[in-house]
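# Coordinates in review
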Amino acid sequence: MLLNKDHEPLRFGFLLAPRFSMMSLSSAIEPIRVANRLLGRKAFDWCTCSTDGQPVMASNDLVLEAGAVPAFTRGCL
C-alpha cells in the first residue's frame, strides 16, 4: 500500500518558472502538508526546482530557493 509506514515518502517536484504564481504553488503544496499532518507522519514530500538550480522570483516578488532540474528527476515525480 502506498501509504504504508514502511515506505519512503512519495515525493512531488515543482518546477518553478520566473514570475510563477505563489498562489498556485501554495494550493499544490498545502494538501500535501495537511495530509502529512492528518496521517501523523511524513507520507508525502516535495521539492522546488528551477532549470538552472538558482532561486526563482514569484509574481509577488518573493524569491524561493530551488534545486537544479537533475535533482528534480532523481527524487521527485
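Right above here is the structure, for reference.
As the structure is a prediction and not an experimental result, all values here were calculated from the model.

### Describing unusual backbone geometry
The backbone of Arg-19 shows a phi angle near 70°, a positive value even though the residue is not glycine. Among the structural elements, Arg-19 can be located in the loop between strand E1 (10–15) and helix H1 (22–39). Looking at Arg-19, the relative accessible area reads 45%, which means it is partly exposed. Despite not being glycine, Asp-61 shows a phi value in the positive range, around 70°. For Asp-61, the location among the structural elements is in the loop between strand E3 (56–57) and strand E4 (63–64). Relative accessible area serves as the criterion here: at 47%, Asp-61 is assigned to the partly exposed category.

### Considerations on the pairing of E1
Bridge count between E1 and strand E2 (residues 44–50): 6 bridges; the pairing is parallel. Within E2, the position partnered with Phe-14 by the bridge is Thr-48. Chirality of the crossover, the property in question, places the unit of E1, H1 and E2 among those that are right-handed.

### Describing the packing of aromatic side chains
Centre distance and the angle of the planes are the two values used to describe a pair of aromatic rings. Tallied over the entire structure, the rule returns 1 aromatic pair. Where Phe-12 meets Phe-44, the ring centres are 6.3 Å apart and the plane angle is 35°; that geometry is what we call tilted. Taken as a pair, Phe-12 in strand E1 and Phe-44 in strand E2 lie far apart in primary sequence, 32 residues in all. Using a relative accessible area of 15% as the deciding quantity, one classes Phe-44 as buried.

Conventions we followed
Residues numbered from 1 in each chain as written. Predicted model: local features only at pLDDT ≥ 70, side-chain atom pairs only at ≥ 80, totals over all residues. Heavy atoms only, no water. Helix = DSSP H or I, 4+ residues; strand = E, 2+ residues; numbered from the N terminus. Buried < 20%, exposed > 50% of the residue type's maximum accessible area, 1.4 Å probe, protein only. Pairing = 2+ DSSP bridges. Right-handed = clockwise from strand over helix to strand, strands pointing away. Phe/Tyr/Trp six-rings, centres within 6.5 Å; stacked < 30°, edge-to-face > 60°.

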